[in-house]
There are 2 protein chains.
Amino acid sequence: MIKTERKLGRDVAVIGGAMSPFGVFPEKTSRDLMADAYTAALETVDKQLDPQDIEALYIGNFTSDLFEHQSHLGHLIADWLGLSPRPATRIEGACASSGLAFREGMMAIASGMYDIVLVGGVEKMSSASTEEVQEYLAVASDVQLEVEQAALTFPGIFAAIASAYFAKYGATREHLLRVAVKNHENGALNPNAQYNATLRDVMERRKETLQARGKPVPDWADEYDFLRDERANPVVAAPLHLFDCSPISDGAACMILAAAEVADNFTDEVVRIRASAQTSAPPPATWNSDLTSLPAVQAAARQAYDMAGVLPSDIDFAEVHDCFTPAEIIATEDLGFFQPGQGAVAAAEFQTARNSDMPINVSGGLKAKGHPVGATGLAQLQEVWHQLRGTAGQRQITHKDLRLGLTHNVGGTGGTCVIHILEHV
Amino acid sequence: MIKTERKLGRDVAVIGGAMSPFGVFPEKTSRDLMADAYTAALETVDKQLDPQDIEALYIGNFTSDLFEHQSHLGHLIADWLGLSPRPATRIEGACASSGLAFREGMMAIASGMYDIVLVGGVEKMSSASTEEVQEYLAVASDVQLEVEQAALTFPGIFAAIASAYFAKYGATREHLLRVAVKNHENGALNPNAQYNATLRDVMERRKETLQARGKPVPDWADEYDFLRDERANPVVAAPLHLFDCSPISDGAACMILAAAEVADNFTDEVVRIRASAQTSAPPPATWNSDLTSLPAVQAAARQAYDMAGVLPSDIDFAEVHDCFTPAEIIATEDLGFFQPGQGAVAAAEFQTARNSDMPINVSGGLKAKGHPVGATGLAQLQEVWHQLRGTAGQRQITHKDLRLGLTHNVGGTGGTCVIHILEHV
């Protein structure tokens, strides 16, 4: 009686999208960051869009409650963008908050309620101390079970994931290093990335700084040598080191969605949402499986491919949730791009580089682009949208035709997963 | 080009609904409270519903981040209810959070994505101190503008609203008292209400307590006399006194929605969602109007009546957002039930009592039923659903036929408003 087929009443398309610069912006609030992303997004609409034709807002945000001591962001952002009295709803799913906001915006249009919807995501993290950030991020896990009883932190859980993966497949830290190197290579081509530099650049700068201070300069042969040096890349939670972790970031991202039947009014380059899938999972401590795969991701991937009627091999490129380097490796396996255990090999052989058959995180990923948690899902989606339209600038994928792009956005340790497939029609 | 008509792709019906008891439950977390409401809601489904046929969850919650130091509630509640790996999304709009969750669930079904959706709302407030509650609730306002610069609190803003109303229309505290008396009369008939007692009962108990303690017992003639006594009913923010304010509460509410085309499988008493309207507004300090009306409510009411194709006079009864007694009075005006300035008169003459032509807050309202902020919207909606079906127990409205019931749920000081009209088909 209950249907298993997921089909929307009408198709939904993307007509605009952008991100604010990601980084550390002491003078900006969430509202300011959203205004930056919104202004930039309006400029990406090919034809005329009167902002007053936007009918509703969905704002993804993890915990401005803790970071800024400000909740009820929806109405404040609607006001700040000049869009009151339009409905404005905040959507929360930890680091997947704005992937979920995109999905809610899509369903609201598909329901017939609206034709044009603004979806945004934002987080302002840098005003908190590192200890506070650790404490605030922990509220995305099961605080009673995982924090109070097991004393787990997010780096701790992903370190356990890396260790389990190493033990099962014989991978090592050397595989992780290459994920970081590759994503910083991509970030170096993204002017909005928090780390708009290769790790070799980072190494050279470090050398210069040490020299300028009259300190001994290590004889690092290359960026790998640099990453292997505990002084340059200290341990955070073994086997994860500093450059295995995404940074603490401020930033926002924003997209404009429209019913497919009116999308032609705004663009000749229609990108439609081909699939949207969302799942949840219990805390990892209660899983029956090992930690080398996230059940919520596997389930969401199956649903997304079913809804789109495509196979993993049909996907031309993807933005995946690399909050830590091992997360990218297992994501490429859970999404079906590589066999279990082969994600690390693929990463080490740069089979996921920008000019490869399966480019992963050409934006720089969370690792280099930055990870303002509530903005990340939409930052991924707007990157895929730009790549599909051929407007990704210096980092545009040019060696292959792009038709289908996928985003993989995870909340907590896979407690929430949301996957989208966009198609250039 | 952009449509103004709000019409869903397919109709959505309610097939189950309940609330947990509201009150102070030191031993219960948000998850426990939601489980209580969910279990009760399942029991209200007339025919068989296999819980595994529920396809998605929307959880309204204001700030478990601050109250419980736990966010990412969606996946935890899905797990707790045995509904993993279903998608679970938290929706936030301050005190309107679960009215918005209901609306998102409705649109998700109307979009074609799901046939059956669970919508819940929860807040666990009582573990915080009174000072903390004040501080945490304040994050629903514009903290920079209203709290840091203007030092406003919610009782303070609603006191300003009451003062403006008094000045404009010549109303007095005597009008407010009657709202409290009426809502406690209703709460006395609601076994799930935090204050399951009339104010006369409260007065008698106070007398008994004082007598038992050997203290002087005031010679209160009736409950009005009691409320006028500053010792029994101290000032909170003039002209508001203690019994003008809704209490600090723990609680949850839950409803089950289904596509209208499958609703017959679950019930013969189909209640469908006839209208859903949501609006936002800037902070009150920036309004061009006076404080005797909430612009977001007026706008949402117009949209709701338009969508339903009905007039205010067609509504048979309503649950309105009486976080403070003056809020109920201006709500009944903004919703078009009474002319501006007449809401106070109507309240004082008990034209909104349970057995009147326009029963308002037969559940006891936020005032007597309690106000766990994230649960309130759905607590209103499940009350309207039960009244329409004739399953509201002792407080069932019996003197008139009920076809259309309205809920009015407000976030902050009207920063968010969401209005629903349910119809017994």
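Residues numbered from 1 in each chain as written. Chains lettered and ligands numbered in written order. Predicted model: local features only at pLDDT ≥ 70, side-chain atom pairs only at ≥ 80, totals over all residues. Heavy atoms only, no water.

Sorry if this is basic, but what is going on with the overall build of chain A here?
Helix and strand counts for chain A come out as 16 helices and 11 strands. A compact globule built from 425 residues would reach a C-alpha radius of gyration of about 22 Å, and chain A, at 20 Å, matches this within 12%. With the principal axes as the frame, chain A shows a C-alpha extent of 60 × 50 × 50 Å. Out of the 425 residues belonging to chain A, those deemed buried represent 67%. Counting only contacts in chain A whose residues sit at least 6 apart along the sequence, the fraction spanning at least 24 positions is 77%. When the accessible surface of chain A is split by element, carbon and sulfur atoms take 49% of a total near 13,800 Å². Computed over 33 positive and 54 negative side-chain charges, the separation of the two mean positions in chain A equals 2 Å. (Helix = DSSP H or I, 4+ residues; strand = E, 2+ residues; numbered from the N terminus. Rg over C-alpha atoms; globule rule 2.2 N^0.38 Å. Buried < 20%, exposed > 50% of the residue type's maximum accessible area, 1.4 Å probe, protein only. Contact = heavy atoms within 4.5 Å. Areas by Shrake-Rupley, 256 points an atom, 1.4 Å probe, with all protein chains shown as cover. Lys, Arg positive; Asp, Glu negative; His and termini not counted. Charge placed at Lys NZ, Arg CZ, Asp CG, Glu CD.)

How do you make sense of the relation of the copies chain B and chain A when you look at a structure like this?
The two chain copies are connected by a rotation around an axis plus a translation along it. Each copy superposes on the other: chain B lies on chain A with an RMSD of 0.0 Å after a rotation of 180° and an axial shift of 0.0 Å. On this basis, the relationship between the two copies can be described by a two-fold rotation axis. No C-alpha of chain B approaches the rotation axis more nearly than that of B:Ser111, which lies at 1.8 Å. (Least-squares fit on C-alpha atoms with pLDDT ≥ 70 in both.)

So what exactly am I meant to see when it comes to the pattern of salt bridges here?
Any two side chains of opposite charge can pair if their charged atoms end up close together. According to the stated counting rule, one finds 40 salt bridges over all chains in the structure shown. The closest approach of N and O atoms between B:Arg90 and A:Glu92, which form a salt bridge, is 3.2 Å. Placement of B:Arg90 in strand β3 (residues 88-92) and of A:Glu92 in strand β3 (residues 88-92) is noted, with the two residues assigned to different chains. Looking at A:Glu92, the relative accessible area reads 2%, which means it is buried. A salt bridge links B:Glu174 to B:Arg228; its shortest N-O distance comes to 2.6 Å. (Salt bridge = Lys/Arg side-chain N within 4 Å of Asp/Glu carboxyl O.)

Help me understand unusual backbone geometry in this model?
Excluding glycine, a negative phi dihedral is what most residues carry, and trans is how most peptide bonds are arranged. With an omega dihedral of 5°, the bond running from A:Ser84 to A:Pro85 counts as a cis peptide bond. Examined against the element boundaries, A:Pro85 turns out to sit in the loop between α3 (73-80) and β3. Residue A:Pro239 follows A:Ala238 across a cis peptide bond; omega there is 5°. Looking at the element boundaries, A:Pro239 is found in the loop between β5 (235-237) and β6 (240-241). With a phi close to 55°, A:His72 is a non-glycine residue in the positive phi region. Of note, A:His72 is situated in the loop between α2 (64-67) and α3. Its relative accessible area of 1% is what places A:His72 among the buried residues. With a phi angle near 60°, B:Asn361 is a residue other than glycine that sits in the positive phi range.

Is there a simple way to think about the packing of aromatic side chains in this case?
The geometry of two aromatic rings is summed up by the distance between their centres and the angle between their planes. Residue and element names in this part refer to chain A. The full count for this structure, using the stated rule, is 10 aromatic pairs over all chains. Judged by centre distance (5.0 Å) and plane angle (25°), the ring pair of phenylalanine 158 and phenylalanine 324 falls under stacked. A residue pair is termed long-range when its members are at least 10 positions apart, and phenylalanine 158 in helix α7 (residues 154-169) and phenylalanine 324 in the loop between β9 (317-319) and α13 (325-334) qualify at 166 residues. Here the two residues phenylalanine 158 and phenylalanine 324 agree in accessibility, since each one is buried. (Phe/Tyr/Trp six-rings, centres within 6.5 Å; stacked < 30°, edge-to-face > 60°.)

Just checking my understanding: could you explain the interface of chain B and chain A for this structure?
How big an interface is tends to be stated in terms of the accessible area lost upon association of its parts. Counting residues at the interface gives 71 residues for chain B and 71 residues for chain A. Summed over both sides, the interface of chain B with chain A buries roughly 5,700 Å², with 51% coming from carbon and sulfur. Applying the counting rule to chain B against chain A returns four salt bridges. Its salt-bridge partner being A:Asp142, residue B:Arg31 comes within 2.9 Å of it at the nearest N-O pair. On the surface where chain B and chain A come into contact, there are 36 residue pairs in polar contact (both at pLDDT 80 or more). Looking at the side of chain B that touches chain A, the element that brings in the most residues is helix α4 (residues 97-110) of chain B, giving seven residues. Looking at the side of chain B that touches chain A residue by residue, the classes come out as 30 nonpolar, 24 polar and 17 charged. One ladder, built from three bridges, connects β3(A) with β3(B); its direction is antiparallel. What sits directly across from A:Ile91, in β3(B), is B:Ile91. (Buried area = accessible area lost by both parts, 1.4 Å probe. Polar contact = N/O pair within 3.5 Å; in protein donor to acceptor, adjacent residues only side chain to side chain. Nonpolar A, V, L, I, M, F, W, Y, C, P; charged D, E, K, R; others polar. Pairing = 2+ DSSP bridges.)

Before we go on, may I ask you to explain the packing of α7(A) against α13(A) in this structure?
Any two packed helices are characterised by how steeply their axes cross, that is the angle between the axes, and by the distance between the axes. Residue and element names in this part refer to chain A. Contact geometry for α7 and α13: axes closest at 9 Å, N-to-C directions at 60°. Taken as axis vectors, α7 and α13 run oblique relative to one another. Like other packed secondary-structure pairs, α7 and α13 cross with a definite hand, here left-handed. On α13, the residues touching Phe158, Ile161, Ala162 and Tyr165 of α7 are Pro326, Ala327, Ile329, Ile330 and Glu333. Of the residues in the contact of α7 with α13, the class split is eight nonpolar, no polar and one charged. (Axes fitted to C-alpha atoms, helices over the stretch in contact; angles between N-to-C directions. Parallel < 35°, antiparallel > 145°, perpendicular 65-115°, else oblique. Left-handed = near helix turned anticlockwise from the far one by under 90°.)

Sorry, what's going on with the side chain of A:Ser111 here?
Note that A:Ser111 resides in the loop between α4 (97-110) and β4 (116-124). By relative accessible area, which is 0% here, A:Ser111 ends up buried. A polar contact is formed between the side chain of A:Ser111 and the backbone nitrogen of A:Met113, at a distance of 3.1 Å. In contact with A:Ser111, not counting residues within four places along its chain, are B:Lys7, B:Leu8, B:Gly9, B:Met107, B:Ala110 and B:Ser111.

Looking at this structure, I do not really get the confidence of the model for chain A. What am I missing?
Confidence in the prediction for chain A averages 96 pLDDT; 99% of positions are at 70 or higher. Here the predicted complex carries an ipTM of 0.97, next to a pTM of 0.97. (pLDDT = per-residue confidence, 0-100.)

Got a minute to help me understand helix α9 (residues 199-212) of chain B in this structure?
Side chains that are three or four residues apart share a direction in an α-helix, a result of its 3.6 residues per turn. All names here are of chain B. In a regular helix each residue adds 1.5 Å, so 14 residues correspond to 20 Å; α9 covers 20 Å between its end C-alpha atoms and thus fits that length. Residues Leu199, Val202, Met203, Lys207 and Leu210 constitute the buried set of α9. The buried residues of α9 occupy an angular sector of 140° when the element is viewed end-on, so they sit on one face. For α9, the exposed residues lying more than 90 degrees away from the buried face are Glu208, Gln211 and Ala212. On the buried face of α9, the contacting elements are α8 (173-187) and α10 (223-228). Glycine 214 lies just past α9 and shows a positive phi near 70°. (Expected span 1.5 Å × (residues − 1). Arc of directions from axis to C-beta.)

What is the right way to read helix α1 (residues 30-43) of chain A from this model?
For α1(A), spanning 14 residues, the distance from its first C-alpha to its last is 20 Å, which sits close to the expected 20 Å at 1.5 Å a residue. Those residues of α1(A) not exposed but buried are A:Ser30, A:Arg31, A:Leu33, A:Met34, A:Ala35, A:Ala37, A:Tyr38 and A:Ala41. Where α1(A) is buried, its residues meet β1 (12-19), β2 (56-60), α3, β4 and β7 (250-259) of chain A together with α6 (143-149) of chain B.

Please clarify how a negative patch on the surface should be interpreted in this entry.
All names here are of chain A. A cluster of like negative charges, contributed by Glu185, Asp201, Glu204 and Glu208, occupies part of the molecular surface. The biggest single contributor to the negative patch is helix α9 (residues 199-212), with three residues. Residue position: glutamate 185 is located in helix α8 (residues 173-187). What makes glutamate 185 partly exposed here is its relative accessible area of 37%. (Patch = residues over 30% accessible without salt bridge, like charges linked within 9 Å, V, L, I, M, F, W, Y side chains within 5 Å.)

What's the story with the pairing of strand β10 (residues 404-411) of chain B in this structure? I'm lost.
As a general feature of sheets, a regular strand has side chains that alternate between the two faces. Residues and elements named next belong to chain B. With eight of its eight residues buried, β10 lies for the most part within the structure. Residues Leu404, Leu406, His408 and Val410 point to one face of β10 and Gly405, Thr407, Asn409 and Gly411 to the other, with burial holding for every one of them. As defined by bridge partners, strand β9 (residues 317-319) adjoins β10 across three bridges and the pair is classed as parallel. What sits directly across from alanine 318, in β10, is leucine 406. Here eight bridges tie β10 to strand β11 (residues 416-424), and the two strands are oriented antiparallel to one another. Directly across from leucine 406, in β11, lies its bridge partner isoleucine 421. The turn linking β10 back onto β11 is made up of four residues, and glycine 412 within it adopts a positive phi angle of 65°.

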